[in-house]
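Here's the letter readout for the chains.
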Amino acid sequence: MTDTVSITTEGGEQFQKHFYSYLDADRQNLKHLYHEESKVVWNGQALKGRDVVTRFLADLPTSKHEVQSLDCQPVATGGDGSDPMILVSVMGTVQFGHKDSKPPPETKPFAQTFVLGKDPVNDAYFICADNYRFTA
């Protein structure tokens, strides 16, 4: 089990670096992280499917996320020894809007939780579920 935890922690850390890099500076690459069955709840707004989710994220104002804590753990496997799904929990702060705008963008705390699953076709992890919430 320790080996699985280490592997999922490394995978979750790599994932969050890519995800927030894309969200803050390269949103067109987010489409590679979602599938047609991906589900997102963004501050209570439910979204489903790669195109709907990536269009929604592309329409958000410019952002700058700072991750302050990250926890990753394996969740269910198929019972056949297949790769586990990974639960990734992130907390941090975010600014939406250009840093030079007047007034400057407000910094808000956020929490985001992902469930990552392995795509059997290309052997890469993708976002099955994503929940984003401002916490204050």
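Relevant structure appears above.
Residues numbered from 1 in each chain as written. Predicted model: local features only at pLDDT ≥ 70, side-chain atom pairs only at ≥ 80, totals over all residues. Heavy atoms only, no water.

Below, the discussion takes up the overall build of the chain. Helices and strands together make up the secondary structure of the chain, namely 2 helices and 6 strands. Secondary structure elements of the chain occur, N-terminal to C-terminal, as α-β-β-α-β-β-β-β. In terms of principal-axis extent, the alpha carbons of the chain reach across some 55 × 30 × 25 Å. Here the chain, with 136 residues, has 34% of them falling under the buried criterion. In the chain, of all internal contacts separated by at least 6 residues, the share reaching a separation of at least 24 is 52%. When the accessible surface of the chain is summed, it comes to about 8,000 Å², and 52% of that surface belongs to carbon and sulfur atoms. If the 13 positive side-chain charges of the chain are averaged to one point and the 18 negative ones to another, these points end up 8 Å apart. (Helix = DSSP H or I, 4+ residues; strand = E, 2+ residues; numbered from the N terminus. Buried < 20%, exposed > 50% of the residue type's maximum accessible area, 1.4 Å probe, protein only. Contact = heavy atoms within 4.5 Å. Areas by Shrake-Rupley, 256 points an atom, 1.4 Å probe, with all protein chains shown as cover. Lys, Arg positive; Asp, Glu negative; His and termini not counted. Charge placed at Lys NZ, Arg CZ, Asp CG, Glu CD.)

Here the focus is the nonpolar core. In terms of nonpolar packing, the biggest core is built from 25 residues, with Phe-19, Tyr-34, Trp-42, Leu-57, Phe-114 and Ile-127 touching the most fellow members. At the level of elements, α1 (2–25), β1 (34–42), α2 (50–58), β4 (86–96), β5 (107–118) and β6 (125–134) are the ones that each hand at least two residues to this core. Counting residues per element, this core draws most heavily on β4, which supplies 5 residues. (Core = buried A, V, L, I, M, F, W, Y, C linked by side-chain atoms within 4.5 Å.)

Within the secondary structure, Gln-16 is located in helix α1. Dropping the residues within four chain positions of it, Gln-16 is found in contact with Val-67 and Leu-70.

So, on to unusual backbone geometry. With a phi close to 50 degrees, Asn-43 is a non-glycine residue in the positive phi region. Tracing the backbone shows Asn-43 in the loop between β1 and β2 (45–48). The backbone of Asp-123 shows a phi angle near 60 degrees, a positive value even though the residue is not glycine. Mapped onto the elements of the fold, Asp-123 is located in the loop between β5 and β6. The class for Asp-123 is exposed, based on a relative accessible area of 54%.

Take the sheet that holds strand β3 (residues 63–74) next. One open sheet holds the 6 strands; their spatial order is β2-β1-β6-β5-β4-β3, and the pairing between them is mixed. Edge positions in the sheet fall to β2 and β3, since each of these pairs with one other strand and no more. The sheet shows a mean angle of 15 degrees between the axes of neighbouring strands, direction not considered. Of the strands in this sheet, β1 and β2 are in contact with α2, which crosses β1 at around 45 degrees. (Pairing = 2+ DSSP bridges. Axes fitted to C-alpha atoms, helices over the stretch in contact; angles between N-to-C directions.)

Another aspect to go through is the pairing of β2. Strand direction decides the pairing type here: β1 and β2, joined by 4 bridges, are antiparallel. Within β2, the position partnered with Lys-39 by the bridge is Lys-48. Linking β1 to β2, which pair antiparallel, is a turn of 2 residues; within it Asn-43 sits at a positive phi near 50 degrees.

Now for the side chain of His-65. With respect to the helices, strands and loops of the structure, His-65 is situated in strand β3. At 2.7 Å, the side chain of His-65 and the side chain of Asp-24 are in polar contact. Among the polar contacts listed, one links the side chain of His-65 to the side chain of Tyr-132, at a separation of 3.1 Å. Once residues lying within four places of it in the same chain are set aside, the contact partners of His-65 are Tyr-20, Leu-23, Asp-24, Thr-93, Val-94, Phe-96, Phe-110 and Tyr-132. (Polar contact = N/O pair within 3.5 Å; in protein donor to acceptor, adjacent residues only side chain to side chain.)

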